[in-house]
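Spelled out, the chains give:
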Amino acid sequence: MKENWQLRGQELRRTIRIILSTPAGIVGAVIVVLLLACVVFAPFLAPHDPYLVSIENKLRPPSSEQWLGTDTVGRDVLSRIIYGSRYSLASGTIVVGIGIIVGSIVGLLAAYPGGRWGELIMRFTDIFLAFPTMLLAIALASTLGPSFLNSMIAISIVYWPKYARLVYGQALSIRERDYVKFAEVLKEKPVKIRMGHIFPNCSSALVVQATLDFGDAILFFAALSFVGLGAQPPAADWGAMLAFARKYMMLSWWTAVFPGIAIFVTVMGFNLLGDSLRDALDPQLRRLKEFKPIRFSWLGIPGLRKAIGK
Amino acid sequence: MAKWLIRRFLLLIFVLWGITTLTFIIIAAVPRNPAIAMAGSQSSPEQIEKFNKRWGLDKPLAVRYYEFYAYLLQGDMGTSIRTERPVALEMRNFFPATFELATVSVVLSFLIGVPLGIVAALKRNKWPDQVTRFVSLIGVSTPNFWFGLIILLVFYYLLGGVGPGRVTSAAYEPTRITGLYLIDSLVTGNWSSFVDCLRHIIMPAFALGFFGIGIVTRMMRSSMIDTLSKDYIKAARARGLSLFRVITNHALRNSLIPVLTVIGVLYGAYLGGVIVIEVVFSWPGLGNFAYNSILKSDHPAIMGVVLVISIIYSLVNLVVDVLYRYLDPRIKF
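Residues numbered from 1 in each chain as written. Chains lettered and ligands numbered in written order. Predicted model: local features only at pLDDT ≥ 70, side-chain atom pairs only at ≥ 80, totals over all residues. Heavy atoms only, no water.

1. Examining the packing of helix 5 (residues 87–122) of chain B against helix 9 (residues 191–228) of chain B
Moving on, step 1. Helix 9 of chain B packs onto helix 5 of chain B with a crossing angle of 35° between their chain directions and a minimal axis gap of 5 Å. Helix 5 of chain B and helix 9 of chain B meet at a crossing whose hand is right-handed. (Axes fitted to C-alpha atoms, helices over the stretch in contact; angles between N-to-C directions. Helix = DSSP H or I, 4+ residues; strand = E, 2+ residues; numbered from the N terminus. Left-handed = near helix turned anticlockwise from the far one by under 90°.)

Written as structure tokens, this is what we have:
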């Protein structure tokens, strides 16, 4: 057991090293770490109270006192952006988390032991996939009623089928492996086979997909907030700030520009990190990467690297 | 071919049935009554009861479900609670504007993405390739509604260009034939109207289509690299044809085939994303109609929009599939 953890630690360090070996990976990691810092230390980083209304200070342009200016009711834009990181990270975590949980359960149930019911379940999830996702999310959120929680439910309902497809596809090939057949011979329960043998082997694909989707989910949530279906005023949320800024845009460009930049940078950070993570975890690509200095990658012979030695 | 088409068509009907049922279930499952949204929270129980009776909300679910399809098959999508007009009529009014915007966005993504992709493929791993990689990263990371706001801010408020909406004033509206202003104005020879419509559609179309430019570029790049490594390209080059001729005459057509499948993906993304863009640019299309219906919990109207957009989305995908098989005869049916 102890060796198992040691191995995992090694694997993790290796992954991190590969991510940090490219400029894209470094930029992505830095952005995500900065975002996490904003989320955790918001009260210390924010120079002002993000909810403090002061009408006499309204629509002040950026100055040395308030770096990003103030909005229509005199709230500090920078502080609101720093606090807004909490909504964004929460939206990404909740949506991707629910997507992984529900999608994995459905995908595993459909793939193992498989058969006609499994097919039927996947046909059903295909309906969700055959639908413009943004439209479905907006329709869902609007019928549920505008609130942060409902927007999370709406986006999650749109998201889980993607993970169900992913897990289903992975599980279909994993269930044919010898160790699964072996477990069957030992008469292990299907639940144990799904969770103990199949699921752990889907996890690296899930991690990559989740990181790539994180930015996407944040964009989704911002769009819902923008049309008034996400976080509700006076919440310090980037999408909601933009919805508010829209009406006064010609008077105060700073209220419209900076929250958008915050969304953009965050989403880009997760996209960069996701791309590097995919490179790091994809065995084929990993081999290519490590071969780079010796330029033998095109040979594509598995195990050659070990033979040559580090 | 015929067999494949029939199977594809049956699948389409199944998907549409699924989508409508799903929408129906969601709307029915939510205990939010449109009566309160419409009549106000102070309305008396009698008023709500009267409202429910008028719109058939007091009937059992199964009956409502049956009636929904029974009317739908006759082309009747119900009546909008907000505007009190038939939803089918509203769809006919608003749909062309949305379809025009989404189509111009797709065209724009291709017009910009394909040349960029070719350049990136030719200058592989050099700076033009890195630039296009960066542009596509920006494209998928930018919130389109924010990009729309910035475009409006710069080109309308700062530079004094054309404003939001489809035309400057009603005087520029072309005679309605298809409802697609660009086509209507061309057909009727109304040149000033065409220019005005074009100037108005460019901004929202670019805001909507920016996302796709990067995707088309990357697809075109990888497909072009793939094609350029083929023997017939090397043979053409060996015969002394210039690189330009080889690309236009040999490589372009073949490498465009895989890129065409992106059209379906882009239409899906644009028809969904069009709602926020239409709100930003006050574009009088389905998105704005949906937005206003959402605010009033106008269920028949929301159902109508969902249905129309998903039908269009499915049909576009069907057409792309057929086109794909037509362009690449190697694909078996």
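Structure shown, so let's carry the discussion forward.
2. Details of the packing of aromatic side chains
Moving on, step 1. What the rule picks out here adds up to 17 aromatic pairs over all chains.
Moving on, step 2. An aromatic cluster of three or more residues is present, and its members are A:Y87, A:F148 and A:F221. (Phe/Tyr/Trp six-rings, centres within 6.5 Å; stacked < 30°, edge-to-face > 60°.)

3. Description of unusual backbone geometry
Residue and element names in this part refer to chain A.
Moving on, step 1. At the junction of P233 and P234, the peptide bond is cis and its omega measures out at 5° in the coordinates.
Moving on, step 2. On the secondary structure map, P234 appears in the loop between helix 8 (190–226) and helix 9 (238–246).
Moving on, step 3. We note that L59 has phi near 50°; this positive angle belongs to a residue other than glycine.
Moving on, step 4. Assignment of secondary structure puts L59 in the loop between helix 2 (23–45) and helix 3 (77–111).

4. Concerning empty space enclosed by the protein
The gaps left among the atoms become clear once a water-sized probe is rolled over them.
Moving on, step 1. For the coordinates displayed, the defined rule picks out 2 cavities of 30 Å³ or more.
Moving on, step 2. As for the largest cavity, its lining consists of A:L135, A:I138, A:A139, B:I275, B:A290, B:I294, B:I302, B:V305 and B:V306.
Moving on, step 3. Those elements that place two or more of their residues in the lining of the largest cavity are helix 5 (133–144) of chain A together with helix 12 (286–295) and helix 13 (299–327) of chain B.
Moving on, step 4. Looking at the lining of the largest cavity, its residues break down into 9 nonpolar, no polar and no charged.
Moving on, step 5. Put simply, the second largest cavity is a space of about 40 Å³.
Moving on, step 6. B:E100, B:R166, B:Y181, B:L182, B:C197, B:I201 and B:W283 together form the lining of the second largest cavity.
Moving on, step 7. Elements with a contribution of two residues or more to the lining of the second largest cavity: helix 8 (181–187) and helix 9 of chain B. (1 Å grid on protein atoms, 1.4 Å probe; cavity = no way out; pocket = protein on both sides within 12 Å on 5 of 7 lines; lining within 4 Å. Points joined across faces, edges and corners; volume = space filled by probe spheres on them. Nonpolar A, V, L, I, M, F, W, Y, C, P; charged D, E, K, R; others polar.)

5. Points about the side chain of B:E90
Residue and element names in this part refer to chain B.
Moving on, step 1. Examined against the element boundaries, E90 turns out to sit in helix 5.
Moving on, step 2. The class of E90 is buried, set by a relative accessible area of 1%.
Moving on, step 3. Dropping the residues within four chain positions of it, E90 is found in contact with T83, R85 and F289. (Buried < 20%, exposed > 50% of the residue type's maximum accessible area, 1.4 Å probe, protein only. Contact = heavy atoms within 4.5 Å.)

6. Section: the domain arrangement of chain B
Residues and elements named next belong to chain B.
Moving on, step 1. Segmentation of chain B into domains returns domain 1 (2–72) and domain 2 (92–327).
Moving on, step 2. With 17 residues of domain 1 in contact, the opposing surface of domain 2 contributes 16 residues.
Moving on, step 3. Seen at the junction of domain 1 and domain 2, the total is 0 salt bridges.
Moving on, step 4. The set of elements that each furnish at least two residues to the side of domain 1 that touches domain 2 consists of helix 1 (2–29), helix 2 (34–39) and helix 4 (61–72).
Moving on, step 5. Looking at the side of domain 1 that touches domain 2, the element that brings in the most residues is helix 1, giving 11 residues.
Moving on, step 6. Its residues placed into classes, the side of domain 1 that touches domain 2 shows 13 nonpolar, 2 polar and 2 charged. (Domains from an automatic or database assignment. Salt bridge = Lys/Arg side-chain N within 4 Å of Asp/Glu carboxyl O.)

7. Here's the deal with the pattern of salt bridges
Moving on, step 1. Applying the stated criterion across every chain yields a total of 10 salt bridges over all chains.
Moving on, step 2. A:R80 is the salt-bridge partner of A:D71, the closest N and O atoms lying 3.8 Å from each other. Residue A:D71 shares its accessibility class with A:R80, and that shared class is buried.
Moving on, step 3. Among the ionic pairs, B:D129 bridges to B:R218, the shortest N-O distance being 3.7 Å. Here B:D129, found in helix 6 (residues 127–141), pairs with B:R218, found in helix 9; they are 89 residues apart in sequence, far enough to count as distant.
Moving on, step 4. Because the salt bridges share partners, they merge into one network encompassing B:D129, B:R133, B:R218 and B:R221.

8. Brief notes about the interface of chain B and chain A
Moving on, step 1. Contact with chain B, which involves 38 residues of that partner, is made by 37 residues of chain A.
Moving on, step 2. Interface area lost by chain B to chain A is led by B:F145, B:W146 and B:L149, which between them contribute 16%.
Moving on, step 3. Joining chain B to chain A, the criterion identifies 0 salt bridges.
Moving on, step 4. In this structure, the connection of chain B to chain A is made through 4 residue pairs in polar contact (both at pLDDT 80 or more).
Moving on, step 5. Among the elements of the structure, helix 1, helix 6, helix 7 (144–158), helix 11 (243–280), helix 12 and helix 13 of chain B are those that each provide at least two residues to the side of chain B that touches chain A. (Buried area = accessible area lost by both parts, 1.4 Å probe. Polar contact = N/O pair within 3.5 Å; in protein donor to acceptor, adjacent residues only side chain to side chain.)

9. Some remarks on helix 9 of chain A
Moving on, step 1. Listing the buried residues of helix 9 of chain A in full gives A:W238, A:G239, A:A240, A:M241, A:L242 and A:A245.
Moving on, step 2. Tucked inside the fold, the buried residues of helix 9 of chain A contact helix 2, helix 3, helix 8 and helix 10 (253–281) of chain A together with helix 7 of chain B.
Moving on, step 3. Regarding helix 9 of chain A, its N-cap is A:D237, as a side-chain oxygen of that residue lies 3.2 Å from the backbone nitrogen of A:G239 further along.

10. Details of helix 6 of chain B
Moving on, step 1. For helix 6 of chain B, built from 15 residues, the straight-helix expectation of 21 Å at 1.5 Å per residue is met to within 8% by its first-to-last C-alpha distance of 21 Å.
Moving on, step 2. All of the buried residues along helix 6 of chain B are B:P128, B:D129, B:T132, B:S136, B:L137, B:G139 and B:S141.
Moving on, step 3. Looking at the buried side of helix 6 of chain B, the elements it contacts are helix 8 and helix 10 of chain A together with helix 5 and helix 9 of chain B. (Expected span 1.5 Å × (residues − 1).)

11. Digging into the side chain of B:S80
Moving on, step 1. For B:S80, the location among the structural elements is in the loop between helix 4 and helix 5.
Moving on, step 2. One polar contact links the side chain of B:S80 to the main-chain amide nitrogen of B:T83, over a distance of 3.1 Å.

12. Quick word on the confidence of the model for chain A
All names here are of chain A.
Moving on, step 1. The pLDDT averaged across chain A works out to 81; a share of 89% of its residues lies at or above 70.
Moving on, step 2. Highest mean pLDDT in chain A belongs to helix 3 (92); lowest belongs to helix 12 (residues 304–308) (35).
Moving on, step 3. Below pLDDT 50 for its whole length, residues 284–310 participates in 25 contacts with residues either more than four positions away or in separate chains. (pLDDT = per-residue confidence, 0-100.)

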